[in-house]
Amino acid sequence: MSESTHRTARRVDRVHDRIEIGANEQSDNRMIIIPPGRPALTDPFLVMGEEQFSRPGFDWHPHRGMETITIVLDGLLEHGDNKGNAGVLEPGDVQWMTAGHGIIHREVAVRHEYAHIIQLWLNLPADRKLSPSRYQDLRASGHAAHSLPGAFVQVISGHDGSVTGPARNHWPVLGMLLTLDPQADHQQLLPADHRAFAYVISGRATIGSRMVRAGQIAWSDPVGEPNEPTTLRLSAADSDRHTKIMLFAGRPIGQPVAASGPFVMNSHAEIEKAYRDLRAGAFGTIPRLTSGK
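Criteria and cut-off values
Residues numbered from 1 in each chain as written. Predicted model: local features only at pLDDT ≥ 70, side-chain atom pairs only at ≥ 80, totals over all residues. Heavy atoms only, no water. Phe/Tyr/Trp six-rings, centres within 6.5 Å; stacked < 30°, edge-to-face > 60°. Helix = DSSP H or I, 4+ residues; strand = E, 2+ residues; numbered from the N terminus. Buried < 20%, exposed > 50% of the residue type's maximum accessible area, 1.4 Å probe, protein only. 1 Å grid on protein atoms, 1.4 Å probe; cavity = no way out; pocket = protein on both sides within 12 Å on 5 of 7 lines; lining within 4 Å. Points joined across faces, edges and corners; volume = space filled by probe spheres on them. Nonpolar A, V, L, I, M, F, W, Y, C, P; charged D, E, K, R; others polar.

Engineer: Help me out: how do you make sense of the packing of aromatic side chains in this one?
Structural biologist: For any pair of aromatic rings, the description consists of the separation of the ring centres together with the inter-plane angle of the planes. Scanning the model with the defined rule gives seven aromatic pairs in all. Seen in terms of ring centroids, Phe45 and Phe248 are 6.5 Å apart; in terms of plane orientation they differ by 85°. Their pairing is edge-to-face. A residue pair is termed long-range when its members are at least 10 positions apart, and Phe45 in strand β5 (residues 45-53) and Phe248 in strand β25 (residues 243-250) qualify at 203 residues. With respect to burial, Phe45 and Phe248 carry one shared label: buried. Grouped by ring-pair contacts, the aromatic residues Phe45, Phe197, Trp219 and Phe248 constitute a single cluster.

Pasting the structure below:
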């Protein structure tokens, strides 16, 4: 939602630079935006990375107990899983995958060409960690986009005023991509009990009262009671180019987090069970071929 003059103004509690990792065996260039290991500060969000890869990408690997949200910034991303889902995502497309009970999937650049993505891991509460696995391919053309003075808003998940994003959720999350005109000012309405982050993909912006440049993430912690509206001010700082921001907000789950590799549960015993289930074939088998090439 755009502006309100009678809402509590949010502050930015901290700003972090993404961590440049560089090339590894899977990625041509890897950057960590939300590092793992401090879930109480990022709840309900777990980890977020930015990847540029051509080959091999991320071949078959399992997940359980969380969701992944993948935004394609450039190139083409081929995906497939052992539940029969497969396809190719283009720039602007988003994939919302619920690992839930267990899934084995892959993410690679089409024909080993190039893909540039951001992937966010979203936690699930204990009673939904073993939900049935599912894929949601949210095409850019299907985002709930609307134009406001100085801003173009693409809503992926949740509600922004009268606009509702296409994602189906197990946990309430507002997710959007904002494109601000040069020197534009935007007031984003957010629930007071949500933790929010704004990652600047390109350009520069004053968020709250903090200057945030491309490659930095700004965090705004919960400030009030459920259903109480607040506003986060985002002002584009550049006079000659647009500023693009990934903005997500969600209510903290407030439960213990046990994570190991691709699994996120509430206890180490549940992690050990996930590995046993994987070895026993409870996640299914790896397909011989993936369509979408």
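Structure shown, so let's carry the discussion forward.
Engineer: Explanation requested: the layout of surface pockets in the structure shown.
Structural biologist: If you roll a probe as big as a water molecule over the atoms, it shows you where there is empty space left. One number sums up the size of the largest pocket: a volume of about 610 Å³. Arg30, Val47, Gln119, Trp121 and Gly261 are the residues nearest the centre of the largest pocket, which is lined by 26 residues in total. Of all the elements in the fold, those that place two or more residues in the lining of the largest pocket are β4 (29-34), β5, β6 (58-63), β12 (115-123) and β26 (258-260). When the residues that make up the lining of the largest pocket are grouped by side-chain class, the tally is 13 nonpolar, eight polar and five charged. What the second largest pocket holds in volume is close to 310 Å³. Around the second largest pocket, the lining is made up of 16 residues, and of these His159, Leu174, Leu190, Pro191 and His194 lie nearest the centre. Element by element, the count of residues in the lining of the second largest pocket is highest for strand β19 (residues 185-191), at three residues. For the lining of the second largest pocket, a count of residues per class yields eight nonpolar, six polar and two charged.

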